[in-house]
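Read off the chains here:
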Amino acid sequence: MNLLFVCLGNICRSPGAEGVMRHLVAEAGRTDAIHVDSAGTAAYHVGEAPDARMIRAAARRGYDLSDLRARQFTVADFDRFDRILVMDDANYDNVCRLAPTLEAQAKVERLATYAHGHTLDHVPDPYYGGAAGFDLVLDLLEDACTTLLKEI
């Protein structure tokens, strides 16, 4: 199973999701069966490390994002990944527009639908906010990724 998490710039939400899911997959002893990656719909930060605030917030919870670098989502990702999990409606629309087929488009899902302990229908972008926004994002990611892993 190959999972791809997608947000706008691939420096906050999607690398956070990648770090959380990698940690959960390792704890479950399933690293040989589940591959996790992340990407952004925009090329603003290609090659950059995740936002320092996300790195710090994730580290406080035991997630290491230090080896991650931003990359842009490409049409080839539809072939490489079984499930493409986006953070909000704008990401959903942007990724679906690139889908070469309806079968490829069917791989795209909103990650927040797996967050059963929260009422938000999207994972909000914490970039322009304070530390509390990064903690909220991680709360949602932990909730959603835990549910997703159980489903897989």
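Located above this text is the structure these notes cover.
Residues numbered from 1 in each chain as written. Predicted model: local features only at pLDDT ≥ 70, side-chain atom pairs only at ≥ 80, totals over all residues. Heavy atoms only, no water.

Asks: Would you take a moment to explain the packing of aromatic side chains for this structure?
Replies: Aromatic ring pairs: the centre-centre distance and the angle between the two ring planes describe each pair. Counting across every chain of the model gives 2 aromatic pairs. With 5.3 Å between their ring centres and 85° between their planes, Phe73 and Phe78 make a pair best called edge-to-face. On the basis of relative accessibility, which here comes to 5%, the residue Phe73 falls in the buried class. Ring geometry for Tyr127 and Tyr128: centres 4.8 Å apart, planes at 85°, overall edge-to-face. We classify Tyr127 as partly exposed; its relative accessible area is 29%. Directly above the ring of Tyr127 sits Arg53, whose terminal nitrogen or CZ lies 5.4 Å from the centroid. Across the ring face of Tyr92, the terminal group of Arg110 is positioned such that the distance to the ring centre comes to 3.7 Å. (Phe/Tyr/Trp six-rings, centres within 6.5 Å; stacked < 30°, edge-to-face > 60°. Buried < 20%, exposed > 50% of the residue type's maximum accessible area, 1.4 Å probe, protein only. Lys NZ or Arg CZ within 6 Å of the ring centre and 35° of its normal.)

Asks: Looking at this model, I keep getting lost on the nonpolar core. Mind explaining?
Replies: Proteins that are soluble and globular tend to have nonpolar side chains buried together. Membership of the largest hydrophobic core comes to 34 residues, with the highest contact counts inside it found for Phe5, Met21, Met87, Leu111, Leu141 and Leu148. At the level of secondary structure, the elements contributing two or more residues to this core comprise strand S1 (2-7), helix H1 (13-27), helix H2 (52-60) and helix H6 (131-151). Of the residues forming this core, the biggest block, 9 residues, is contributed by H6. Not counting the four nearest positions on each side in its chain, Met87 is found in contact with Phe5, Val6, Cys7, Arg13, Ser14, Ala17, Leu111, His122, Val123 and Leu141. Core analysis: the second largest hydrophobic core is formed by 14 residues, Ile84, Val86, Ala104 and Val108 among them. (Core = buried A, V, L, I, M, F, W, Y, C linked by side-chain atoms within 4.5 Å. Helix = DSSP H or I, 4+ residues; strand = E, 2+ residues; numbered from the N terminus. Contact = heavy atoms within 4.5 Å.)

Asks: Looking at this model, I keep getting lost on the packing of H1 against H6. Mind explaining?
Replies: To characterise two packed helices, one gives the angle between the axes of the helices and the distance between these axes. It is the contact of H1 with H6, at a shortest axis distance of 9 Å, that shows an interaxial angle of 45°. By the angle between their directions, the pair H1 and H6 is classed as oblique. Two packed elements cross with a definite hand, and for H1 against H6 that hand is right-handed. Here Arg13, Gly16, Ala17, Val20, Met21, Leu24 and Val25 of H1 come into contact with H6, specifically with Val137, Leu138, Leu141, Glu142, Cys145, Thr146, Leu148 and Leu149. Among the residues making up the contact of H1 with H6, the classes are represented as 11 nonpolar, 2 polar and 2 charged. (Axes fitted to C-alpha atoms, helices over the stretch in contact; angles between N-to-C directions. Parallel < 35°, antiparallel > 145°, perpendicular 65-115°, else oblique. Left-handed = near helix turned anticlockwise from the far one by under 90°. Nonpolar A, V, L, I, M, F, W, Y, C, P; charged D, E, K, R; others polar.)

Asks: What's the story with the sheet that holds strand S4 (residues 108-110) in this structure? I'm lost.
Replies: Strands pair in a sheet through their backbones, by hydrogen bonds, and they do so in one of two ways: parallel or antiparallel. Within the open sheet, the 4 strands sit side by side as S2-S1-S3-S4. Their pairing is parallel. The open sheet has two edge strands, strand S2 (35-40) and S4, and neither has a second partner. In this sheet, neighbouring strand axes are inclined to one another by 30° on average, regardless of whether the strands run parallel or antiparallel. Relative to strand S3 (residues 83-86), S1 runs parallel, the two being bridged by 4 bridges. Residue pairing across strands places Leu3 opposite Arg83, the latter belonging to S3. Sitting on the sheet, helix H4 (residues 89-98) touches S1, S3 and S4, and the angle it makes with S4 is about 175°. (Pairing = 2+ DSSP bridges.)

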